[in-house]
Amino acid sequence: MKEIDLGKGGEPRQQTTDRDRTMTTAQGGPIADDQNSLKAGPRGPVLLEDHVMREKIFHFDHERIPERVVHARGYGVHGHFELTEAIPDLSCADIFQRVGEKTPTFTRFSTVAGNKGSFDLARDVRGFATKFYTQEGNWDLVGNNIPVFFIQDAIKFPDLVHSVKEAPDRGFPQAQSAHDNFWDFISLSPEAVHTTMWQMSDRAIPRSFRFMEGFGVHTFRLVNADGKSHYVKFHWKPRQGLQSVVWNEAVKINGADPDFHRRDMWDAIDAGDFPQWDLGIQVFDDDFADSFEFDILDATKIIPEEQVPVRLIGTLTLDANVDNFFAETEQVAFCTQNIVRGIDHTNDPLLQGRNFSYLDTQTKRLGGPNFTHIPINAPKCPIHHFQQDGHMAMMNPKGRANYEPNSWGEDGGPRENPEIGFASHPEQVSGTKQRTRSETFADHYSQARQFWISQTEVEQRHLAAGYTFELSKCQHERIRLRMLSHLMNVHDDLGAMVAKGLGVSEMPEPATPARAPITDLPPSDALSILKNGPDSFAGRKLGLYLSDGADADLVTALEEAFRAEGAMVAIVAPHIQGVTLSDGTKRAADEKIDGGPSVVFDAVVLAFSDEAGKRIATDKPSQDFVSDAFAHAKFIAWTGAAMPLLKAAGAADRMDGGMIEIDRDGAVDFVKTCRKLRFWEREAGHCQDAL
Ligand code: HDE
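Everything numeric in this text was worked out from a predicted model, so none of it was measured.

Student: Describe a nonpolar patch on the surface, listing the residues and the values that go with them.
Tutor: Taken together, the side chains of Ile383, Met392, Met394 and Met395 make up a nonpolar region of the molecular surface, amounting to roughly 420 Å² of accessible area. Positionally, methionine 394 belongs in the loop between α9 (349-366) and α10 (446-453).

Student: How would you summarise the side chain of aspartate 264 if you had to cite specific residues and measurements?
Tutor: Checked against the element boundaries, aspartate 264 lands in helix α6 (residues 260-270). What makes aspartate 264 buried here is its relative accessible area of 8%. In terms of polar contacts, aspartate 264 uses its side chain to reach the side chain of arginine 210, at 2.8 Å. Residues contacting aspartate 264, with those up to four places away along its chain left out, are Arg207, Ser208 and Arg210.

Student: Tell me about the side chain of aspartate 50, and name the residues and values.
Tutor: Relative to the helices and strands, aspartate 50 is located in the loop between β2 (12-13) and α1 (51-61). Despite its burial, aspartate 50 remains without a salt bridge, the nearest opposite charge being carried by arginine 54 at 6.7 Å. A polar atom in the side chain of aspartate 50 sits 3.1 Å from the backbone nitrogen of valine 52. In this structure aspartate 50 touches Ser37 and Leu38, once residues within four positions along its chain are discounted.

Student: Break down the site of the ligand for me, citing the residues and quoting the values.
Tutor: The full set close to the ligand counts 22 residues, and Arg68, Arg108, Arg354, Tyr358 and Gln362 are the nearest of them. Arginine 68 places a side-chain nitrogen or oxygen 2.7 Å from an oxygen atom of the ligand. The separation between an oxygen atom of the ligand and a polar side-chain atom of serine 357 is 3.1 Å. Elements with a contribution of two residues or more to the shell around the ligand: β5 (126-134), β6 (137-144) and α9. With 6 residues, the top contributor of residues to the shell around the ligand is α9. Here the residues of the shell around the ligand sort into 11 nonpolar, 8 polar and 3 charged.

Student: Outline the pattern of salt bridges, supporting the account with residue identities and numerical values.
Tutor: Summed over all chains, the structure comprises 40 salt bridges. One salt bridge in this structure joins arginine 263 and aspartate 257, with 2.7 Å as the shortest N-O distance. Here aspartate 551 ties to arginine 664 by a salt bridge, and the two come within 3.0 Å at their closest N and O atoms. Taken together, the residues aspartate 551 in the loop between β13 (541-546) and α14 (552-564) and arginine 664 in the loop between β20 (659-661) and α18 (667-674) connect sequence positions 113 residues apart. By relative accessible area, aspartate 551 is classed as partly exposed at 22%. A network of salt bridges, in which partner residues are shared, links Arg207, Arg210, Asp264, Asp273 and Asp602.

Student: Run through the nonpolar core, naming residues and quoting values.
Tutor: Ranked by size, the top nonpolar core spans 47 residues in total, and within it Phe150, Trp183, Ile186, Met197, Tyr467, Leu494 and Val498 carry the most contacts. Mapped onto this core, the elements with two or more residues apiece are α2 (157-164), α3 (180-187), α4 (193-200), α10, α11 (457-472), α12 (477-490) and α13 (492-502). Among all residues touching leucine 494, those that are not within four sequence positions of it are Met197, Trp452, Ala464, Tyr467 and Leu487.

Student: I'd like a rundown of the packing of aromatic side chains, residues and numbers included.
Tutor: In this description, a pair of aromatic rings is defined by centroid distance and the angle of the planes. Counted by the stated rule, this structure contains 30 aromatic pairs. Note on phenylalanine 128 and tryptophan 236: the rings are 5.7 Å apart at their centroids and 5° apart in plane angle, and the pair reads as stacked. Here tryptophan 236 lies in strand β9 (residues 229-238) and phenylalanine 128 lies in strand β5, a separation of 108 residues in the sequence. Ring geometry for tryptophan 247 versus phenylalanine 469: centroids 5.1 Å apart, planes at 65°, classification edge-to-face. Taken together, the positions of tryptophan 247 in helix α5 (residues 247-256) and phenylalanine 469 in helix α11 put the pair 222 residues apart, joining distant regions of the chain. Using a relative accessible area of 22% as the deciding quantity, one classes tryptophan 247 as partly exposed. For phenylalanine 469, a relative accessible area of 31% translates into the label partly exposed.

What counts as what
Residues numbered from 1 in each chain as written. Predicted model: local features only at pLDDT ≥ 70, side-chain atom pairs only at ≥ 80, totals over all residues. Heavy atoms only, no water. Patch = residues over 30% accessible without salt bridge, like charges linked within 9 Å, V, L, I, M, F, W, Y side chains within 5 Å. Areas by Shrake-Rupley, 256 points an atom, 1.4 Å probe, with all protein chains shown as cover. Salt bridge = Lys/Arg side-chain N within 4 Å of Asp/Glu carboxyl O. Helix = DSSP H or I, 4+ residues; strand = E, 2+ residues; numbered from the N terminus. Buried < 20%, exposed > 50% of the residue type's maximum accessible area, 1.4 Å probe, protein only. Polar contact = N/O pair within 3.5 Å; in protein donor to acceptor, adjacent residues only side chain to side chain. Contact = heavy atoms within 4.5 Å. Lys, Arg positive; Asp, Glu negative; His and termini not counted. Near = heavy atom within 4 Å. Nonpolar A, V, L, I, M, F, W, Y, C, P; charged D, E, K, R; others polar. Core = buried A, V, L, I, M, F, W, Y, C linked by side-chain atoms within 4.5 Å. Phe/Tyr/Trp six-rings, centres within 6.5 Å; stacked < 30°, edge-to-face > 60°.

Quick look at the structure:
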């Protein structure tokens, strides 16, 4: 590569004489000048004949494909699934036969409501879709991080999505459910109440994709080689443990780093800290289905883990970032219809509608039926069929036969194989043709109540605050009160807390339930995030706010202790050039203080020299760093020189067990303290009740 050469216009140009690095047109013709179009004279009009410019701009004009109608914003990662327990007794799916075998995967995480360019920390359900490239074809498990769904029948999906997305007249609000249209629809659809409990909980503001569960949601079937079928629900259990942020933090993260989740995933994988999930199955039979309180075909219901334990059969490891976001993350096409022999659908009306929708939407998004030829969608096992031609056909069989049966023998192409071919479970079906909802789908409040009583007090407070925030964004009182009338059916405490938060003094009549709720379902610990914390700081990030002259031994001790825990350490400093520590060594900064607010860290340390501590105390971003960390119940370690800043941030006279004065000997203990992730006791002191 030649050094930068000044072109005729005086602009820098990079040129080469190396044939292999020579820029070409899409037709392969070498390009001499990619900076200037072909003109009649230096100041004359551009000539239409300029094929280099026309080709470049033509391609640019066509660079976008339609974004997904839901789940537009997402992030994809490669990985593999390793089977840890074979289940041939339950399923003849090839992927479930041989312990230790690794199957390549591609997983895309997403938010639902926001457009492609929206922010990551919207309060929203997260998609968790995995494509398994099995040796007997692709299996797509297209799930969410919440095990239930808003509606029971696919025919309502366009209405649900229209209600949550921007209003058609004004084009806002975007990427959020805190508005009249959404709560209008929800409060008129009581079947949605249970899912909104999950959505208003901290599950909908995960700290990272790495720290959330995944669920297949629907009941599927596993079918073994003898054709025997069991029902199954699929679960992903994160080995990193569960963790969410708090709402005020989420709002600020969206401003500080709208790409917080995708950056987190990229950084973790880049650093070799590969996230893992165990695949769990809840398996049950017809007898259980018949005796269960709810209909197993109703996607607004869970099956509590206490009733049917989750059996772990394999591990997903995400270990490679994409090379090209568009080619992989944008073009990946998940379809619920992509199942393999040994797995089958059930009559869940939501699932059946999805089986139409996904194929339909991919055809629109990717432009034709050959989207399976795109490398990210192509199976990694042999493919032989007679489907051919169409837009952008990349896999074009040879030979004269493109039909069957044919009599061309060996040259006649592939043949059916009943032995290993897909066989649907031979379920008996009959019925009167009718548009109706089964009576067994009529209970809408019982599991919402079970969810409520399974939460810790902290989580209940967050949940009630979630409803309060969202309903407070509804400008119409009738919508707020209609929703409240449903919450009153869930639990008296929830109704009362939200009513108080909204400032409602006269309670509405509770909504009339279609079926009387069951009020004695037992709590289920599996439904709580805080009861399932990791008790480790691994995979989390410490924000180390340093000034010039900060104690070098302390900094080194902290770095060593947190890295030994498997955590990341980021240095924040008054200037991006970094700091010179007490022993004269330098530390580069990862963030300047106003670009690295405490909301992007899990715990923080303040280590200054005396002189710098006084100056920093007057700096507003530094004050926010502390007051936010304090308000978000984070652990804060500080050296004496940080006292002026603690005072200025209003934290000095509210010292608690989560604020730790630290010296070089305290680093290891601070890591241990941080394993609790948050000091929730602090939060009780400054919640809504104060208003
Ligand atoms: Fe989807 N959903 N969905 N959905 N969904 C789509 O497919 C649809 C539902 C889910 O990362 C679309 O490729 C209908 C439940 C994920 O690419 C579309 C119904 C669950 C993703 C579609 C549902 C999901 C989608 C839009 C009601 C959890 C992102 C673009 C019957 C079990 C996949 C696309 C990715 C995407 C339709 C309900 C999960 C339009 C009709 C329930 C994770 O086909």
